[in-house]
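Geometric and topological summary
Residues per chain, in single letters:
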Amino acid sequence: MNKEILRANLDKVIWNIEKARLEVSDHHIVKLVAVGKYTSVENIATLYSLGQRAFGENQVQQLEARSKELEELPIEWHMIGTLQKNKINKLLDIRPSLFQALDSIELALALEDRLSNKNQTLDCLLQINSAAEDTKSGVSPQMAIDTYQEIIQKCPHISLKGVMSIGAHTDDLQIVQQSFETTRKIFDTLQTNGATICSMGMSGDYELAIKCGSNLVRVGSSLFEK
Ligand SMILES: *Cc1c(COP(=O)(O)O)cnc(C)c1O
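The rules behind the values
- Per chain, the residues get numbers from 1 upward, laid out in the order the sequence is written.
- The predicted origin of the model limits local features to residues at a pLDDT of at least 70 and limits the giving and counting of side-chain atom pairs to 80 or more, whereas totals for whole chains, interfaces and linings rest on all residues.
- Remark: hydrogens and water are excluded; side-chain values derive from all non-hydrogen atoms of the structure.
- Helical segments are the DSSP runs of H or I of at least four residues, strand segments are the runs of E of at least two, and each set is numbered from the N terminus.
- Burial here depends on accessible area, computed with a 1.4 Å probe over protein chains only, as a share of the maximum for the residue type. Under 20% is buried, over 50% is exposed, and the range in between is partly exposed.
- By definition, residues are in contact when any of their heavy atoms lie within 4.5 Å.
- Every accessible area reported is derived by Shrake-Rupley at a probe size of 1.4 Å, with residue values counting cover from the shown protein chains alone.
- As used here, the term nonpolar core means buried Ala, Val, Leu, Ile, Met, Phe, Trp, Tyr and Cys residues forming a set that is joined through side-chain atoms within 4.5 Å.
- Helix span, expected: 1.5 Å multiplied by one less than the number of residues in the helix.
- Directions drawn from the helix axis to the C-beta atoms are what define this arc.
- Residues adjacent in sequence count toward polar contacts only when both atoms are side-chain atoms; beyond that, a polar contact is any pair of N or O atoms within 3.5 Å, and within protein one must be able to donate a hydrogen and the other to accept it.
- Centre distance within 6.5 Å is the pairing criterion for rings of Phe, Tyr and Trp, where only the six-membered ring of Trp is used; planes under 30 degrees apart are then read as stacked, over 60 as edge-to-face, and the remainder as tilted.
- Only lysine NZ and arginine CZ atoms are considered, and such an atom sits over a ring when it is within 6 Å of the ring centre and within 35 degrees of the ring normal.
- Residues are counted as near a molecule or strand when any one of their heavy atoms sits within 4 Å of it.
- Throughout, the ten residues Ala, Val, Leu, Ile, Met, Phe, Trp, Tyr, Cys and Pro are labelled nonpolar, Asp, Glu, Lys and Arg are labelled charged, and all others, Gly among them, are labelled polar.
- We count a salt bridge whenever a side-chain nitrogen from Lys or Arg sits within 4 Å of a carboxyl oxygen from Asp or Glu.
- In this description, a line fitted to the C-alpha atoms serves as the axis of each element, helices being fitted only across the stretch in contact, and the angle between N-to-C directions of two axes falls anywhere from 0 to 180 degrees.
- When an angle is under 35 degrees it counts as roughly parallel; over 145 it counts as roughly antiparallel; between 65 and 115 it counts as roughly perpendicular; any other value is oblique.
- Each crossing is labelled by how the near helix is turned from the far one, with a counterclockwise turn of less than a right angle marking it left-handed and a clockwise turn marking it right-handed.

Things to note about the overall build of the protein chain
Regarding its fold elements, the protein chain presents 9 helices and 8 strands. The C-alpha extent of the protein chain, read off along each of the three principal axes, is 50 × 40 × 35 Å. Residues classed as buried in the protein chain amount to 51% of the 226 residues present. Long-range pairs, those at least 24 residues apart, make up 60% of the contacts in the protein chain with a sequence separation of at least 6. Approximately 10,900 Å² of the protein chain is accessible, and the part contributed by carbon and sulfur atoms is 46%.

Re the nonpolar core
Among the nonpolar cores identified, the biggest contains 69 residues, and Phe99, Leu102, Leu111, Ile151 and Ile158 are the most heavily contacted of them. Per element, the largest residue contribution to this core is 6 residues, and it comes from helix α5 (residues 105-118). Setting aside residues up to four positions removed in sequence, Leu111 forms contacts with Leu83, Ile88, Leu92, Phe99, Leu102, Leu122 and Ile158.

Structural notes on helix α1 (residues 3-24)
Compared with the 32 Å implied by 1.5 Å per residue over 22 residues, the 32 Å span of α1 between its first and last C-alpha is a close match. Within α1, the full set of buried residues consists of Leu6, Asn9, Leu10, Val13, Asn16, Ile17, Ala20 and Arg21. An end-on view of α1 places all buried positions within 130° of arc, on one side of the element. Seen from the buried face of α1, the exposed residues on the opposite side, beyond 90 degrees, are Lys12, Trp15 and Glu23. The secondary structure elements touched by the buried residues of α1 are β1 (31-35), α2 (41-49), α8 (206-211), β8 (216-219) and α9 (221-224). One side-chain oxygen at the N-terminal end of α1 lies 2.6 Å from the backbone nitrogen of Glu4; it belongs to Asn2.

Topic: the packing of aromatic side chains
Think of a pair of aromatic rings as described by two things: how far the centres are apart, and how the planes are tilted against each other in angle. Taken as a whole, this structure holds 1 aromatic pair when the rule is applied. Aromatic side chains Phe55 and Trp77 sit 6.1 Å apart centroid to centroid with 45° between the ring planes, which places their arrangement in the tilted category. One end of the pair, Phe55, is in strand β2 (residues 54-57); the other, Trp77, is in strand β3 (residues 76-79), and 22 residues separate them in sequence. Judged on exposure class, the residue Phe55 and its partner Trp77 are both buried. We note Arg53 situated over the ring of Tyr48; from NZ or CZ to the ring centre the distance is 3.8 Å.

What to know about the site of the ligand
Looking at the ligand, the residues that line it are Val35, Lys37, Tyr38, Asn58, Ile80, Ile166, Met202, Ser203, Arg218, Val219, Gly220 and Ser221. At 2.9 Å, a side-chain N or O of Arg218 approaches a nitrogen atom of the ligand. Grouping the amino acids of the shell around the ligand by side-chain chemistry returns 6 nonpolar, 4 polar and 2 charged.

Regarding the pattern of salt bridges
What the rule picks out here adds up to 11 salt bridges. Across the salt bridge formed by Lys118 and Asp93, the nearest N and O atoms sit 3.1 Å from each other. One end of the pair, Lys118, is in helix α5; the other, Asp93, is in helix α4 (residues 88-94), with 25 residues separating them in the sequence. When its relative accessible area of 55% is taken as the criterion, Asp93 is described as exposed. Salt bridges sharing partners connect three or more residues here, namely Glu64, Lys68 and Lys90.

Some words on the side chain of Gln100
As for its position among the elements, Gln100 is in strand β4 (residues 98-102). The buried category is assigned to Gln100, whose relative accessible area is 0%. Side chain to side chain, Gln100 and Ser199 meet in a polar contact 2.8 Å long. Those residues in contact with Gln100 that lie beyond four places of it in its chain are Val33, His78, Met79, Ile80, Leu125, Gln127, Met164, Ser199, Leu216 and Arg218.

A short note on the packing of helix α6 (residues 141-154) against helix α7 (residues 173-190)
Orientation of α6 relative to α7, taken along the N-to-C sense of each, is 25°, at an axis distance of 10 Å. If you check the angle between α6 and α7, you find them roughly parallel. Judged by the sense of rotation from one axis to the other, the crossing of α6 with α7 is right-handed. Here α6 contributes Pro141, Ala144, Ile145 and Tyr148 to the contact with α7, which in turn contributes Thr182, Ile186, Thr189 and Leu190. A per-class count over the contact of α6 with α7 returns 6 nonpolar, 2 polar and no charged.

Following this line, the structure appears as structure tokens:
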């Protein structure tokens, strides 16, 4: 893709984030994670040259390939997709800066086991299925706080930094907003347990997510549209 198109797309997303966050507060800082799953490694390098530093992938395989190809660049890599247990070692070898899709106590215990063997720690977000959709992974809102605290107690090698959620899959903005507000309430409660990151919002709904309290958005398609 042409660098000028990428620059214009990035500027537009940053500007939209800026507008939305200022509606919340001058002090509400929002981080942009650029999601590269629909694009080429070249476009990721170009976005890096334009100043973007945090990138996310939803597959371990792709994350591994890209972080190797771009290993000269001090990119902050995020794993944002569901992790199968047989990919745990691969993920840990990549040493991502944040694993955003910790979606069950079982996965947490399996991760803890490998992490303690490797004498390694991992920053994670607990994924919450706030719209209670069968197609999405994550813990239910009802279980989220207990699960979060259980992971803190049982998994000393996992450093929980907050929560992640994907907005409800519907055109009805009111329902999307409700799903964000559900996650936001859980995040507020978990701040007493050290939660600082509330990751919500993708290309279709990141401005709404920010107004509902998100401080990390994961944006893919809007950055790479032609
Ligand atoms: C693909 C993906 C995104 C980005 O989606 P866009 O709609 O392209 O912005 C965000 N979060 C997760 C978990 C994803 O898999």
